[in-house]
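# Topology and contacts: notes
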Amino acid sequence: MSDVHIDSTTFRRRLHAIQKNIQSSEYFQGVNGVLVVVGSSDDSNPYRKSTILHTWLLGYEFPATIFLITSKKITVLTSIGKAKYLNPLKSIPNLNLNILTRTKDSEHNLNLFNEFINELQTELDGKKLGYLPKDKYSGKFIDEWTPIWNDFKSKIDSKELDIDLFCLLYTS
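Described below are features of the structure shown in this document.

Rules used in this analysis
- Residues numbered from 1 in each chain as written.
- Predicted model: local features only at pLDDT ≥ 70, side-chain atom pairs only at ≥ 80, totals over all residues.
- Heavy atoms only, no water.
- Salt bridge = Lys/Arg side-chain N within 4 Å of Asp/Glu carboxyl O.
- Helix = DSSP H or I, 4+ residues; strand = E, 2+ residues; numbered from the N terminus.
- Buried < 20%, exposed > 50% of the residue type's maximum accessible area, 1.4 Å probe, protein only.
- Contact = heavy atoms within 4.5 Å.
- Pairing = 2+ DSSP bridges.
- Right-handed = clockwise from strand over helix to strand, strands pointing away.
- Phe/Tyr/Trp six-rings, centres within 6.5 Å; stacked < 30°, edge-to-face > 60°.
- Axes fitted to C-alpha atoms, helices over the stretch in contact; angles between N-to-C directions.

Right, let's talk about the pattern of salt bridges for a bit. Considering all chains together, one arrives at four salt bridges under this definition. A salt bridge links Glu144 to Lys140; its shortest N-O distance comes to 3.9 Å. With a gap of four residues between them, Glu144 and Lys140 both fall in helix H5 (residues 140-153), about one helical turn apart. The partner of Lys155 in a salt bridge is Asp151, with the nearest N and O atoms 3.2 Å apart. Residue Asp151 is classed as partly exposed on the basis of its relative accessible area, which comes to 44%. Salt bridges sharing partners connect three or more residues here, namely Lys73, Glu119 and Glu123.

Moving on to the side chain of Asn109. In this fold, Asn109 is placed in helix H4 (residues 106-124). Taking the relative accessible area as the measure of exposure, Asn109 reaches 2% and is therefore buried. Residue contacts for Asn109: discarding those within four places in its chain leaves Arg102, Thr103, Lys104 and Glu144.

This part is about the pairing of strand E4 (residues 97-102). Two elements, strand E3 (residues 74-79) and E4, share six bridges in a ladder whose sense is parallel. Residue pairing for E4: Ile74 is matched across the bridge by Leu97. Between the parallel pair E3 and E4, the chain is carried across by helix H3 (residues 80-86), and the sense of this crossover is right-handed.

Taken as a whole, this structure holds six aromatic pairs when the rule is applied. Ring centres of Tyr131 and Trp149 lie 5.4 Å apart, and the angle between their planes is 70°; on these two criteria the pair is classed as edge-to-face. Here Tyr131 is found in strand E5 (residues 128-131), whereas its partner Trp149 is found in helix H5, with 18 residues between them in sequence. Here the two residues Tyr131 and Trp149 agree in accessibility, since each one is buried. Ring centres of Trp149 and Phe152 lie 6.3 Å apart, and the angle between their planes is 45°; this geometry places the pair in the tilted category. Placement of both Trp149 and Phe152 in helix H5 is noted, with a separation of three residues, approximately one turn of the helix. In this structure Trp149 comes out as buried when scored by relative accessible area, which is 8%. By relative accessible area, which is 4% here, Phe152 ends up buried. Members of the aromatic cluster, joined through ring pairs, are Phe113, Phe116, Tyr131, Phe141, Trp145, Trp149 and Phe152.

Our next topic: the sheet that holds E3. Across the sheet, which stays open at both edges, the six strands sit in the order E4-E3-E2-E1-E5-E6 with mixed pairing between neighbours. The sheet terminates laterally at E4 and strand E6 (158-160), the two strands that pair on one side only. Going across the sheet, the axis of each strand differs from the next one's by a mean of 20°, ignoring polarity. Alignment of strand E1 (residues 31-38) against E5, held across four bridges, turns out to be parallel. Residue pairing across strands places Val31 opposite Lys128, the latter belonging to E5. Packing against the sheet, helix H2 (residues 49-58) makes contact with E1 and strand E2 (65-70), and its axis sits at approximately 100° to E1.

Written as structure tokens, this is what we have:
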């Protein structure tokens, strides 16, 4: 990922297109947030919706990264290396961006996943979460995330956004 530059104007415009529609658009059907999880890169299948959304927002795929997008905030859980490319976006006016940074320490990452789940609960405020369940990824990141996600997912109301989100992106 050398020479990565995220176009802040495009990022803000595209993020805003999602954020302004989360609670009001027919596509989202009452969700309070959108969860986008990307695992390890897979050159044999680069057309997963989660990967496409990352590329649409950032101009790049960010493997082993999670986005939580709500109408007022975006929380990103990613590696130190990718976080350095996202940090300049914090200077965008009226953008509430929270970056949680993973390391190679499994204990730290477990605590970070739990912190992310706590943030997710707070942001959902008892409402529905939209996510892309048909995208299947692999890798250490997904192996660490999946048990935590499965436990949490069983306790919340959620909605598949496979087609809905992309109808919105196409019309934005």
